[in-house]
Amino acid sequence: MNWMYPAPFIVEWQIEQQHIDHYAHVNNVAYVKQLEATSWAHTNKLGLTIQEYQSLDRGMAISRHEIDYLGSAYLNDKILCGTWVLRCDKRLKVSRQFQFIRQSDQQTLLKAKTDFVCIALSSGKPQRLPQTFIDAYATVQLGL
């Protein structure tokens, strides 16, 4: 695979009828949902769960999405969804990169970057990253 960075965390996404729109390809909303699913799968792999977020009264809220749609996916395609933690500032912000590649022809269909801000779940206000978040995200960041 032609990944943009080494050693991505990968989730396999099988395209089903529910992902297809009236143009007979994957709807952009399905891509956004898969970005979230991939991000959560990686976060869980790093040892952070929603229960941990809730017990700390902290969460990571999206402050910005940049999405480049580079090709279309179709029914029954298998997509490899790669992600990396680009940066963790160890204070408030985490940035994540994504790349979705169709397995059959290795075409990159999507590249995206998402910036997150740490918030208190109880108030929605920005808060410093707890040490457990720093330990999880900063240790795998690419530092780009």
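Residues numbered from 1 in each chain as written. Predicted model: local features only at pLDDT ≥ 70, side-chain atom pairs only at ≥ 80, totals over all residues. Heavy atoms only, no water.

Enquirer: Quick question: what am I supposed to make of the sheet that holds strand 5 (residues 108–120) here?
Expert: Sheets are built from strands that pair by backbone hydrogen bonding, the pairs being arranged parallel or antiparallel. Across the sheet, which stays open at both edges, the five strands sit in the order 1-3-4-5-2 with antiparallel pairing between neighbours. Each end of this open sheet is capped by a strand with a single partner; those strands are strand 1 (9–14) and strand 2 (58–69). The sheet shows a mean angle of 25 degrees between the axes of neighbouring strands, direction not considered. Two elements, strand 4 (residues 93–102) and strand 5, share nine bridges in a ladder whose sense is antiparallel. Across the sheet, residue Lys93 finds its bridge partner in strand 5, namely Val117. In this fold helix 3 (residues 131–138) packs onto strand 2, strand 3 (78–88), strand 4 and strand 5, with an angle of close to 30 degrees to the strand it touches most, strand 2. (Pairing = 2+ DSSP bridges. Helix = DSSP H or I, 4+ residues; strand = E, 2+ residues; numbered from the N terminus. Axes fitted to C-alpha atoms, helices over the stretch in contact; angles between N-to-C directions. Contact = heavy atoms within 4.5 Å.)

Enquirer: Just to check I follow, could you spell out the pattern of salt bridges for this structure?
Expert: If charged atoms from side chains of opposite charge come close, those side chains can pair. Taken as a whole, this structure holds seven salt bridges when the rule is applied. Linking Lys78 and Glu12 is a salt bridge whose minimum nitrogen-to-oxygen distance equals 4.0 Å. Of this pair, Lys78 sits in strand 3 while Glu12 is found in strand 1, placing the two residues 66 residues apart along the sequence. In this structure, Asp57 engages Arg58 in a salt bridge whose closest nitrogen and oxygen atoms are separated by 3.8 Å. Residue Asp57 is classed as partly exposed on the basis of its relative accessible area of 25%. In the salt-bridge network here, residues are joined through shared partners; they are Asp77, Arg102 and Asp105. (Salt bridge = Lys/Arg side-chain N within 4 Å of Asp/Glu carboxyl O. Buried < 20%, exposed > 50% of the residue type's maximum accessible area, 1.4 Å probe, protein only.)

Enquirer: Just checking my understanding: could you explain the layout of surface pockets for this structure?
Expert: Remark: the empty space left among the atoms is shown by a probe the size of a water molecule rolled over them. In this structure, the largest pocket occupies an estimated 300 Å³ of space. Residue lining of the largest pocket: 21 residues in total, with Ser39, Trp40, Met60, Ile62 and Phe116 positioned closest to the centre. Of all the secondary-structure elements, those providing two or more residues to the lining of the largest pocket are helix 1 (28–45), helix 2 (50–56), strand 2, strand 4 and strand 5. Top element by residues in the lining of the largest pocket is helix 1. It accounts for six residues. (1 Å grid on protein atoms, 1.4 Å probe; cavity = no way out; pocket = protein on both sides within 12 Å on 5 of 7 lines; lining within 4 Å. Points joined across faces, edges and corners; volume = space filled by probe spheres on them.)

Enquirer: Hey, could you run me through the side chain of Thr114 in this one?
Expert: Relative to the elements of secondary structure, Thr114 occurs in strand 5. Its relative accessible area of 1% is what places Thr114 among the buried residues. A polar atom in the side chain of Thr114 sits 2.9 Å from the side chain of His65. Aside from chain neighbours lying at most four places away, what touches Thr114 is Ile62, Arg64, His65, Val94, Ser95, Arg96 and Phe98. (Polar contact = N/O pair within 3.5 Å; in protein donor to acceptor, adjacent residues only side chain to side chain.)

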